[in-house]
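# Overview (structure and organization)
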Amino acid sequence: FDLKNEDLKDLQELGQGNGGSVKKVEHIPTKTIMAKKIVLIDAKPSVRKQILRELQIMHDCHSKYIISFWGAFLADPNICMCIEFMDKGSLDGIYKKIGPIDIDIVGQVALAVLEGLTYLYDVHRIIHRDIKPSNILLNSRGEIKICDFGVSGELINSIADTFVGTSTYMSPERIQGAQYTVKSDVWSLGISLIELALGRFPFSESTSDGESDSDYEGTLSPARPGSISLSGLPPARIKRNTPKKDKRKSKGVSLQGGGMTMSILELLQHIVNEPAPRLTPEGRYPKEAEAFIDSCLLKDPDSRKTPKDLLKDAWIEQARVSTVNLEDWASTF
Ligand code: ADP
Ligand code: MG
């Protein structure tokens, strides 16, 4: 059917991201509950129409691991996308509410995300590009689905400057300016799984910060010796978080956790230069889980497996035959 903004009644605010906001809405004519995502983009009308055309691919995405799509429309100056409403929300919200997630459940998340990524790539040649706990959703039937994948090249371009908030799941090769591949999504999955199992973002306590007090506020260019290349990203947004000046600007570019603060630049350098995070403490989790996450977080993308290969991993095979009941689990919160 034809989706129109005036047929949608706002019910509840579901969350805010970098590029816009998400609301629970009812489509009055059909009494259907949906999630409406409003994407703020600063683009010409022709570009907006192009984005809308590209989003139509989502009508052809049919997998139980992928959020289903009701439609998109222009509500100028915004683009609205109506997608399946997932009543248990995203996994970041869930662990923030209930604490660290049991490793057997995390195994089910890994299986669902790998299935979703494999479907997107094998059937549509789509690379997700934004795997993180807030883009993995759960409903009370116990279904886990991924959302917010990169279907529209124009949309990716238009919201590129929102990278600051999402770059924390970015693979080392992406930070260094390499092309996105399905293996970059595997890295992001590895980081996300550790976050769920530990109940906190894995980089927030692992860094010795020490003498990181150089006052760096220039633009990053690939030519700058010793710097990391952030090609395609707007350099003006990358600033060291210096609390003494310009408090406003530090919002959203620093990560706080465990009493320390890491600026976005420090975090990106950390991802590139330091060993990848692991499930810790060692021995607390099944060795298959540790091995799986280690293989997602191989820093060299050539050694890292694809989602499809990882579906054959021992931990994932265990998850496939596991008796864990996600519907029961989802009914506990
Ligand atoms: P982000 O993913 O960066 O948090 P988004 O704008 O994509 O930002 O989403 C904001 C929040 O809305 C998410 O964190 C999630 O909790 C919620 N959300 C998004 N899509 C849905 C959906 N289909 N059903 C239920 N909640 C959703
Ligand atoms: Mg999202």
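Reading the values: the criteria
- Residues numbered from 1 in each chain as written.
- Chains lettered and ligands numbered in written order.
- Predicted model: local features only at pLDDT ≥ 70, side-chain atom pairs only at ≥ 80, totals over all residues.
- Pairing = 2+ DSSP bridges.
- Helix = DSSP H or I, 4+ residues; strand = E, 2+ residues; numbered from the N terminus.
- Axes fitted to C-alpha atoms, helices over the stretch in contact; angles between N-to-C directions.
- Near = placed C-beta within 6 Å.
- Nonpolar A, V, L, I, M, F, W, Y, C, P; charged D, E, K, R; others polar.
- Parallel < 35°, antiparallel > 145°, perpendicular 65-115°, else oblique.
- Contact = placed C-beta atoms within 7 Å.
- Core = buried A, V, L, I, M, F, W, Y, C linked by C-beta atoms within 7 Å.
- Buried ≥ 20, exposed ≤ 12 C-beta atoms within 10 Å, placed from the backbone.

- Per an unreviewed UniProt entry, the protein chain goes by Dual specificity protein kinase FUZ7 and derives from Psilocybe cubensis.

## Structural notes on the pairing of strand 1 (residues 8-16)
- Judged from the seven bridges that link them, strand 1 and strand 2 (residues 20-27) form a sheet pairing that is antiparallel. Bridge pairing in strand 2 links K9 to E26.
- Between strand 1 and strand 2, which pair antiparallel in sequence order, lie three residues.

## Structural notes on the sheet that holds strand 1
- Within the open sheet, the five strands sit side by side as 1-2-3-5-4. Their pairing is antiparallel. Every interior strand has two partners, whereas the edge strands, strand 1 and strand 4 (69-75), have only one. The mean inter-strand angle of the sheet, taken between neighbouring strand axes irrespective of direction, is 25°.
- In terms of strand pairing, strand 4 meets strand 5 (residues 78-84) through six bridges, oriented antiparallel. By the bridge assignment for strand 5, A72 is matched with M81.

## Some remarks on the pairing of strand 2
- By the bridge criterion, eight bridges tie strand 2 to strand 3 (residues 32-40) in an arrangement that is antiparallel. Across the sheet, the residue bridging to V22 is K37, located in strand 3.
- Between the end of strand 2 and the start of strand 3, which pair antiparallel, lie four residues, with K31 showing a positive phi angle near 55°.

## Observations regarding the site of ligand 1
- The immediate surroundings of ligand 1 are formed by 21 residues, with G15, G17, A35, S90 and S134 found nearest.
- Of all the secondary-structure elements, those providing two or more residues to the shell around ligand 1 are strand 1, strand 2 and strand 5.
- It is strand 1 that provides the largest number of residues to the shell around ligand 1, a total of three residues.
- Its residues assigned to classes, the shell around ligand 1 comprises nine nonpolar, 10 polar and two charged.

## Re the packing of helix 10 (residues 287-296) against helix 12 (residues 314-321)
- Look at helix 10 against helix 12: their axes get within 8 Å of each other, and the N-to-C directions meet at 125°. Considering the angle they form, helix 10 stands oblique to helix 12. For the pair helix 10 and helix 12, the contacting residues are E288, A289, A291 and F292 in the first and A314, W315, I316 and Q318 in the second.

## Focus: the nonpolar core
- Counting residues in hydrophobic clusters, the biggest one holds 77 residues, and the most contacted among them are I83, V109, A110, V113 and L193.
- At 11 residues, the largest contribution of residues to this core is made by helix 3 (residues 103-124).
- Apart from residues no more than four positions distant in its own chain, V109 is found in contact with L91, I136, I144, L193 and L196.

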